[in-house]
Amino acid sequence: MDQIFTLTSLYSLLGVATIAGTAKVASSTLLPRDASSKDRWTFIWLTFDALIHFSYEGSWLYYSTFGRQVNTSTGPLAQMWKEYSAADFRWGVADPTVVSLEILTVLGAGPMCLYIAYQIAKRDPARHYWIIVLSTAELYGGWMTFCPDWLIGSPNLNTSNWLHLWVYLVFMNVIWVIIPLALMKDSYSFIAGTLRAAQKKVKST
């Protein structure tokens, strides 16, 4: 177990927990006191999502562009990504498909998360459109991260131990499937319900 779960593992997971705590504090500070629990949890997720994209994934993008790669880089964040690349080898060698997706994630999805969080704070219902756009992009990104490797027998994935399989590969990726799907369903219900109510009102006049 000591060879699997290292100090780098601990610090990396504590970093994720710290980002989650920061998102929670942001919701208490920036949202109106009477914000619904649904809006509050959505705000927390979006803030957490943005901070993960900018800090963790942003650092990986830095280490994986302009001829750089994680496996030849140094520093605490490079060490963290070296550990993750032990679970998915592509993250250590700047795989071009992953780099392409992460460019969109860091530069596109990250700012969009903050914009939607701002819309929640301002009680702007237009956020539901952007939530669907963001959720679709994140689901597509997850699919394109793993599907190409699955189709060739998953040669880059290491599932030989619990940490790599259940924490890094499953948990750290499945939450970006379950939560976007839930948000997409909620926003679809809001948009569809609003449009149907408006249509019914027009027909009744």
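Small disclaimer: the values here were computed from a predicted structure and weren't measured.

J.: I would appreciate a short explanation of the UniProt feature "transmembrane region" (unreviewed entry) in the chain in the present structure.
T.: In this numbering, the UniProt entry assigns the feature "transmembrane region" (unreviewed entry) to residues 12–31, 43–63, 98–117, 129–146 and 166–184. Helix makes up 100% of residues 98–117 and strand makes up 0%, while its end C-alpha atoms are separated by 26 Å. With 100% helix and 0% strand, residues 166–184 has its two end C-alpha atoms placed 25 Å apart.

J.: Sorry, what's going on with the pattern of salt bridges here?
T.: Working definition: two side chains of opposite charge can pair if their charged atoms are close together. Following the criterion strictly, the structure yields 4 salt bridges and no others. Between aspartate 34 and arginine 123 there is a salt bridge whose closest N-O contact spans 2.4 Å. Here aspartate 34, found in the loop between helix H1 (7–30) and helix H2 (37–63), pairs with arginine 123, found in the loop between helix H4 (96–121) and helix H5 (127–151); they are 89 residues apart in sequence, far enough to count as distant. Residue arginine 127 is joined to aspartate 39 by a salt bridge in which the shortest nitrogen-to-oxygen separation is 3.3 Å. Remark: aspartate 39 occurs in helix H2 and arginine 127 occurs in helix H5; sequence separation between them is 88 residues.

J.: When you look at the packing of aromatic side chains in this model, what are you seeing that I'm missing?
T.: By convention here, two paired aromatic rings are described through the distance between centres and the angle between planes. This model, assessed by the stated rule, comprises 15 aromatic pairs. Centre to centre, the rings of tryptophan 143 and tryptophan 150 are 6.1 Å apart; their planes meet at 80 degrees, and the pair counts as edge-to-face. Classification of tryptophan 150 by relative accessible area gives partly exposed; the value is 45%. Each residue in the set Trp60, Trp81, Tyr84, Trp91 and Tyr168 is aromatic and connected to the rest through ring pairs, giving one cluster. Across the ring face of tyrosine 62, the terminal group of arginine 68 is positioned such that the distance to the ring centre comes to 4.0 Å.

J.: What should I look at first to understand the side chain of threonine 145 in this one?
T.: Assignment of secondary structure puts threonine 145 in helix H5. Overall, the relative accessible area of 9% leaves threonine 145 in the buried class. In this structure, threonine 145 is in contact with Arg90, Trp91 and Leu101, ignoring residues within four places of it in sequence.

J.: What exactly am I supposed to notice about the UniProt feature "domain: EXPERA" (unreviewed entry) in the chain here?
T.: Feature annotation in UniProt places "domain: EXPERA" (unreviewed entry) on residues 38–184, given in this structure's numbering. Spanning residues 38–184, this segment combines 75% helix with 0% strand, and its end C-alpha atoms are found 13 Å apart.

J.: Whenever I open this one, the packing of H4 against H5 confuses me. Can you help?
T.: For any two helices packed against each other, one specifies the inter-axial angle together with the distance between the axes. It is the contact of H4 with H5, at a shortest axis distance of 10 Å, that shows an interaxial angle of 160 degrees. Between H4 and H5, the crossing angle belongs to the class labelled roughly antiparallel. In terms of crossing hand, the pair formed by H4 and H5 is left-handed. On H5, the residues touching Thr97, Leu101, Ala109, Met112, Cys113, Tyr115, Ile116, Gln119 and Ile120 of H4 are Arg127, Trp130, Ile131, Val133, Leu134, Glu138, Gly141, Met144 and Thr145. Residues that form the contact of H4 with H5 fall into these classes: 12 nonpolar, 4 polar and 2 charged.

J.: I tried to follow the side chain of glutamate 102 on my own but got confused; where do I start?
T.: Relative to the helices and strands, glutamate 102 resides in helix H4. Although glutamate 102 lies buried, it forms no salt bridge, and the closest oppositely charged side chain, arginine 90, sits 9.8 Å away as judged by the N-O distance.

J.: For this particular structure, what's the right way to read H1?
T.: Residues lying three or four places apart along an α-helix face the same way, a consequence of the helix completing one turn every 3.6 residues. Compared with an ideal rise of 1.5 Å per residue, which puts 24 residues at 34 Å, H1 spans 34 Å between its outermost C-alpha atoms and is within 8% of the ideal. Of the residues making up H1, those classed as buried are Thr8, Ser9, Ser12, Gly15, Val16, Ile19, Ala23, Ala26 and Ser27. Buried residues in H1 make contact with H2, helix H3 (76–85) and helix H6 (162–204). Residue threonine 6 occupies the N-cap position of H1, its side-chain oxygen lying 3.3 Å from the main-chain nitrogen of threonine 8.

Conventions we followed
- Residues numbered from 1 in each chain as written.
- Predicted model: local features only at pLDDT ≥ 70, side-chain atom pairs only at ≥ 80, totals over all residues.
- Heavy atoms only, no water.
- UniProt positions renumbered as here; feature names shortened; annotations may be inferred.
- Helix = DSSP H or I, 4+ residues; strand = E, 2+ residues; numbered from the N terminus.
- Salt bridge = Lys/Arg side-chain N within 4 Å of Asp/Glu carboxyl O.
- Phe/Tyr/Trp six-rings, centres within 6.5 Å; stacked < 30°, edge-to-face > 60°.
- Buried < 20%, exposed > 50% of the residue type's maximum accessible area, 1.4 Å probe, protein only.
- Lys NZ or Arg CZ within 6 Å of the ring centre and 35° of its normal.
- Contact = heavy atoms within 4.5 Å.
- Axes fitted to C-alpha atoms, helices over the stretch in contact; angles between N-to-C directions.
- Parallel < 35°, antiparallel > 145°, perpendicular 65-115°, else oblique.
- Left-handed = near helix turned anticlockwise from the far one by under 90°.
- Nonpolar A, V, L, I, M, F, W, Y, C, P; charged D, E, K, R; others polar.
- Lys, Arg positive; Asp, Glu negative; His and termini not counted.
- Expected span 1.5 Å × (residues − 1).
- Polar contact = N/O pair within 3.5 Å; in protein donor to acceptor, adjacent residues only side chain to side chain.

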